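Summary of structural features
These are the residues of each chain, in order.
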Amino acid sequence: QVQLVESGGGSVQAGGSLRLSCAASGRTFSMYGMGWFRQAPGKEREFVAGIKWNVGRTYTSDSVKGRFTISRDNAKNTVYLQMNSLKPEDTALYYCAANTRPGSYDYTSSHSYDYWGQGTQVTVSD
């Protein structure tokens, strides 16, 4: 079992920044990758960014590329999402997720992840 706890959400004005954190505990040695997803009211959950845990390779969606950066601190078993130049359309509940299956996987698919945090709300106003 892996437990994930997100933090860092809040309300900001457009153009502002937030940094989300996701602390993992439990069987963290079994994690192969982590991802950030978001879900706005009435919309499907969408991939935001992902990271391969051991090698640190990162991936970001086109909608946030150049504005959001995913990183990790192996010693703290924590993954971060630095969000800059926030836009109202970034408003959503943000979730982190962990993949514990060895081998290649579709990092953009929510089905690739086994464990999820409870989510942290990000609200961006005009």
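This text follows the structure it describes.
An account of the accompanying structure is given in this report.

Basis of the calculations
Residues numbered from 1 in each chain as written. Predicted model: local features only at pLDDT ≥ 70, side-chain atom pairs only at ≥ 80, totals over all residues. Heavy atoms only, no water. 1 Å grid on protein atoms, 1.4 Å probe; cavity = no way out; pocket = protein on both sides within 12 Å on 5 of 7 lines; lining within 4 Å. Points joined across faces, edges and corners; volume = space filled by probe spheres on them. Nonpolar A, V, L, I, M, F, W, Y, C, P; charged D, E, K, R; others polar. Buried < 20%, exposed > 50% of the residue type's maximum accessible area, 1.4 Å probe, protein only. Helix = DSSP H or I, 4+ residues; strand = E, 2+ residues; numbered from the N terminus. Pairing = 2+ DSSP bridges. Core = buried A, V, L, I, M, F, W, Y, C linked by side-chain atoms within 4.5 Å. Disulfide = S-S within 2.5 Å. Phe/Tyr/Trp six-rings, centres within 6.5 Å; stacked < 30°, edge-to-face > 60°. Lys NZ or Arg CZ within 6 Å of the ring centre and 35° of its normal.

1. Brief notes about the layout of surface pockets
- Of the volumes computed, that of the largest pocket is approximately 160 Å³.
- Taken together, 13 residues make up the lining of the largest pocket; nearest its centre are Arg38, Lys43, Glu46, Glu89 and Asp90.
- In the lining of the largest pocket, the residues fall into two nonpolar, three polar and eight charged.

2. Observations regarding the pairing of strand β11 (residues 120-125)
- Where burial is concerned, the two faces of β11 differ: the one with Thr120, Val122 and Val124 is buried and the one with Gln121, Thr123 and Ser125 is not.
- Sheet topology note: the strand β2 (residues 10-13)/β11 ladder contains four bridges and is parallel. Pairing of Val12 across the sheet is with Val124, part of β11.
- Across three bridges, the pairing between strand β9 (residues 92-99) and β11 is antiparallel. In the strand pairing of β11, Tyr94 is matched with Thr120.

3. Describing the pairing of strand β3 (residues 18-26)
- Examined bridge by bridge, strand β1 (residues 2-7) and β3 share six bridges and lie antiparallel to one another. The partner of Gln3 across the bridge, within β3, is Ser25.
- The sheet contact formed by β3 and strand β8 (residues 78-83) spans six bridges and is antiparallel. Looking at β8, one finds that Ser21 is bridged to Tyr80.

4. So, the nonpolar core
- Core analysis: the largest hydrophobic core is formed by 28 residues, its most contacted members being Met34, Trp36, Leu81, Met83 and Tyr94.
- When contributions to this core are tallied by element, the ones reaching two or more residues are β1, β3, β4 (33-39), β5 (46-52), β7 (68-73), β8, β9 and β11.
- Among the nonpolar cores identified, the runner-up in size contains six residues, and Phe37, Tyr59, Tyr105 and Tyr113 belong to it.

5. So, the state of the cysteines
- Tallied over the full model, the rule gives one disulfide.
- The partner cysteine of Cys22 in its disulfide is Cys96, sulfur to sulfur 1.9 Å. Between Cys22 and Cys96, the S-S torsion sits near 45°, and that sign places the bridge as right-handed. Highlighted residues: Cys22 in strand β3 and Cys96 in strand β9, separated in sequence by 74 residues.
- Cys96 gets classed as buried once you look at its relative accessible area, which sits at 0%.

6. Quick notes on the packing of aromatic side chains
- The full count for this structure, using the stated rule, is eight aromatic pairs.
- Considering the side-chain rings of Tyr59 and Tyr107, the 3.8 Å spacing of their centres and the 20° angle between planes classify their relative orientation as stacked. Taken together, the residues Tyr59 in strand β6 (residues 58-60) and Tyr107 in the loop between β9 and β10 (115-116) connect sequence positions 48 residues apart.
- You can call Tyr107 partly exposed: its relative accessible area is 25%.
- A connected cluster of aromatic rings, assembled from ring pairs, spans Phe37, Phe47, Tyr59, Tyr95, Tyr105, Tyr107, Tyr113 and Trp116.
- Sitting above the plane of the Tyr95 ring, Arg45 keeps its charged end 4.0 Å from the centroid.
- Positioned above the aromatic ring of Trp116, the side-chain terminus of Arg45 is 4.7 Å from the ring centre.

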